[in-house]
Each structure stands twice: as C-alpha cells, then as structure tokens.
Amino acid sequence: MIENISGVFAIRQTSTSGERAAQASMLDIEFGEHSDIGKVRDTNEDSHGHVAPANPAQARSHGWLFALADGVGGHERGEVASRFAVESMVEGFREARANEPHTALLPRLVQKANLRVYEAGRNSAPGGTSMATTLVACALRHDRAVIAHVGDSRCYLIRRNRTTLLTSDHTVANEHVRLGLISAEESAQSPNRHRLLRSLGHDLFVNVDVNQTQVIPGDVILLCCDGMHGALEDSNMARIVTQNRDLHEAAKQLVTLANERDGSDNISVQLVRIKSVERVGMYRGRPYKLR
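Residues numbered from 1 in each chain as written. Predicted model: local features only at pLDDT ≥ 70, side-chain atom pairs only at ≥ 80, totals over all residues. Heavy atoms only, no water.

Q: Any chance you could break down the sheet that holds strand S3 (residues 28-36) for me, citing the residues and the numbers?
A: Sheet architecture is open: five strands sit in the order S3-S12-S11-S8-S9, paired in antiparallel fashion. Single-partner strands in this sheet number two, and they are S3 and strand S9 (162-165). Looking at each pair of strands side by side, their axes are set apart by 20° on average, direction ignored. Pairing geometry for S3 and strand S12 (residues 267-276), over nine bridges, is antiparallel. Among the inter-strand pairings, Glu30 is bridged to a residue of S12, identified as Arg273. Contacting strand S8 (154-159), S9, strand S11 (220-224) and S12, helix H8 (residues 234-243) crosses the sheet at an angle of about 55° to S8. (Pairing = 2+ DSSP bridges. Helix = DSSP H or I, 4+ residues; strand = E, 2+ residues; numbered from the N terminus. Axes fitted to C-alpha atoms, helices over the stretch in contact; angles between N-to-C directions. Contact = heavy atoms within 4.5 Å.)

Given below as structure tokens:
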C-alpha cells in the first residue's frame, strides 16, 4: 500500500522472504515538501507536485517525479502559470508509456508544459497576456535521477553533508559569469541575477536543459525556487537536511530560515531522500540489471 504521512512517502507491501529480498534492491525513497508566501508578496506564485508509483512494478516501469515551478514576477498571473506547468508535468508523467527513458520523457513533458502556459496566456484575455514561469523537475528510477529545468529554480544533490548544484541558472548574471565578464561572487550582487534568459510560456518553444546523475543510499535531492537559494548558503541546506531525519521538518526549517534571512519572495522546497537503489547498467538508453 502507499503511505504519505507528513509529506514522507514509502511503498510498503506484505511479501514472502524472497519477495522482500527482491524489493530490498529497489529504488526506495522518502520525501518532504513545503512552501510559504514569504514576508512581502501578497500571493504565492510557486507551485509544486509529485507522482508516486502505485506499486513496485510501477516503480520500475515509471519511477517517481518531482516538479517545482516559480511564476515569473512582473508577469500577469504567475501563480496560474506555475500551477499549469506543474499540473502538465504530473499529468504527462502519469500517462507516459512504461519504461520510456526519462532523458527523453522529461524534455518532452517540459515542452508540453511550455505550450500549455503559452496558450493559456494567449487565451486568457483579448489580445492575450504575458504569463511565464520557471520549472525544475526530477525523475527517479533504478539508481538514476534525471533533471530537467528552465529558468533559475534549482536542483541540488546533498551527499555526505556536501551540496552539489546540478542545474545552471538561465539568468543574465549567470551568463555573464559563463562568459568570464564577472565572477560568481559578483553575480550574487548583480542587478541582473533575477533577470531570466529562459522561461516557460514566453515563446512557443523553449530550450530545456537535461542532465542525469547516479544516486546512492543516503543521498538527498533538493529542488527549490530562487526565494530559497537566494537566501541560503549551500552549507545551510546541507546542515539542516543532514541533521533532520524527518524531511518534512527539514523542509519547514529551510523555509523558516530563508524567511528569516530574506523573505522578500515566495519560498518553496522539495526534499527527496534515497533509502535504497536498484543498480542497473545502460545499453542504448535501456537499463539492464547488474548482478
């Protein structure tokens, strides 16, 4: 059966000893998530959602999905754009064919989400309106995490109390860093640090960054909006996640600290802890079980 208590997820199933041994090698996760309006904004323009498999077979054929979106400030109906983006990702993941490679599935779903936001903006009023959002999504299956993102919402890997950024912000400031025009330290204070180069809903098509990483037991995947990563240092994230066994409590503590440090924007976070994995190899994009 599926249990979801205080944002923590696990698959539990009565089984024989042989079945338990087989399930012990499966990807098993728990998660927590939290969102807050912050101290300044009148509305929360962030959205987040997830898809959990209904049973162990679906865990192997489809896996898990986590998605977080941040409606672009200064554009109309940012909260609608972020909600449409997450809903589209969730619906598309649930309807995906079994065993479709996540590296192909996620960019397809992001393009679909982009089109939904784009068309919603054009149809919302006579002459259309400007509607846009960032999006970061992570799909997990076997021993792999595949991340797709557009904008400046981020995905981190926390392993052994160290934080590694798995995404690259699509902002003017970050592009200046890439070109060597300013330093990473200068970019944190740049007036262009929130100015996006890419977002969902701005154009009919969007360029999606996709990458993947292998995960091991004990890893935590962290997805967040700029309201969090702009307020907290990587060490803050690692410390709070590492010190809390309860990921729902860790998510609340991260949001609380971001509010204390800044709070000028909405703050949202998703935390996914890897409890066990199923080791696989890859051949022509298809997984095969390792002995």
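Q: Pulling in residues and values, what's your account of the pattern of salt bridges?
A: One pass over the structure, following the stated rule, counts 14 salt bridges. Across the salt bridge formed by Glu30 and Arg273, the nearest N and O atoms sit 2.8 Å from each other. One end of the pair, Glu30, is in strand S3; the other, Arg273, is in strand S12, with 243 residues separating them in the sequence. By the burial criterion, Glu30 is buried, and Arg273 matches it. For the salt bridge of Asp209 with Arg198, the shortest nitrogen-to-oxygen distance reads 3.0 Å. A residue pair is termed long-range when its members are at least 10 positions apart, and Asp209 in strand S10 (residues 209-214) and Arg198 in the loop between helix H6 (184-187) and S10 qualify at 11 residues. The partly exposed category is assigned to Asp209, whose relative accessible area is 23%. A relative accessible area of 22% places Arg198 in the partly exposed class. (Salt bridge = Lys/Arg side-chain N within 4 Å of Asp/Glu carboxyl O. Buried < 20%, exposed > 50% of the residue type's maximum accessible area, 1.4 Å probe, protein only.)

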